[in-house]
Amino acid sequence: VQLQASGGGLVQAGGSLRLSCVASGRTFSSYVMGWFRQAPGKEREFVARITYTGGSTHYADSVKGRFTISRDNAKNTVYLQMNSLKPEDTAVYYCAAKVGLQTSTYDYWGQGTQVTVSS
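Below, the structure is looked at part by part. Every chain begins its residue count from 1, and numbering advances along the sequence as written. Totals for whole chains, interfaces and linings use all residues, but because this is a predicted model, local features are given only for residues with pLDDT of at least 70 and pairs of side-chain atoms are given and counted only at 80 or more. As a rule here, side-chain values cover all heavy atoms of the structure and leave hydrogens and water aside.

A carboxyl oxygen of Asp or Glu within 4 Å of a side-chain nitrogen of Lys or Arg is what we treat as a salt bridge. Summed over all chains, the structure comprises four salt bridges. In this structure, Asp-61 engages Lys-64 in a salt bridge whose closest nitrogen and oxygen atoms are separated by 3.1 Å. With a 1.4 Å probe rolled over the protein chains alone, any residue whose accessible area is under 20% of its type maximum counts as buried; one over 50% counts as exposed, and the rest are partly exposed. Classification of Lys-64 as partly exposed rests on a relative accessible area of 49%. In the salt-bridge network here, residues are joined through shared partners; they are Arg-37, Glu-45, Arg-66 and Asp-89.

This part covers the environment of Thr-113. Counting from the N terminus, the helices are the DSSP runs of H or I reaching at least four residues and the strands are the DSSP runs of E reaching at least two. With respect to the secondary-structure elements, Thr-113 resides in strand S11 (residues 113–118). For the pair Thr-113 and Tyr-93, spaced 20 residues apart in sequence, the C-alpha separation works out to 5.2 Å. In what follows, residue pairs with any heavy atoms lying within 4.5 Å of each other are defined as contacts. With residues near it in sequence (within four places) discarded, Thr-113 still touches Ala-5, Ser-6, Gly-7, Gly-8, Leu-19, Ala-91, Val-92 and Tyr-93.

Now for the environment of Glu-43. For Glu-43, the location among the structural elements is in the loop between strand S4 (32–38) and strand S5 (45–50). Residues Glu-43 and Thr-113 lie 70 residues apart in sequence; the distance between their C-alpha atoms is 16 Å. Contact partners of Glu-43, with chain neighbours within four places excluded, come to Arg-37 and Gln-38.

By themselves, these observations are geometric and do not establish any function.
Here is the structure:
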């Protein structure tokens, strides 16, 4: 599967952005979808994930209550709605896909989209 992320940009603190990730290839609903981010000088970190039909979601504590992950299997797209953005949310955001819910390794990665939050 190929993943294409978009929607990043520059926003002021307290603002909102919605990231999108479109998948092509095998059946989209066969994959658990996740969002990760990597800030300059830091390791990549988990942000959120959503199960095959959207029945279950999980978030990093740092974004819980501010970010919402969702998916539209008819459009082969996963979204990350980001509200109340903070400067510390600045990072390159990546979408990723994996087959097994219990496995920790994601099999496919998108190219990343830059999110910059100004104070």
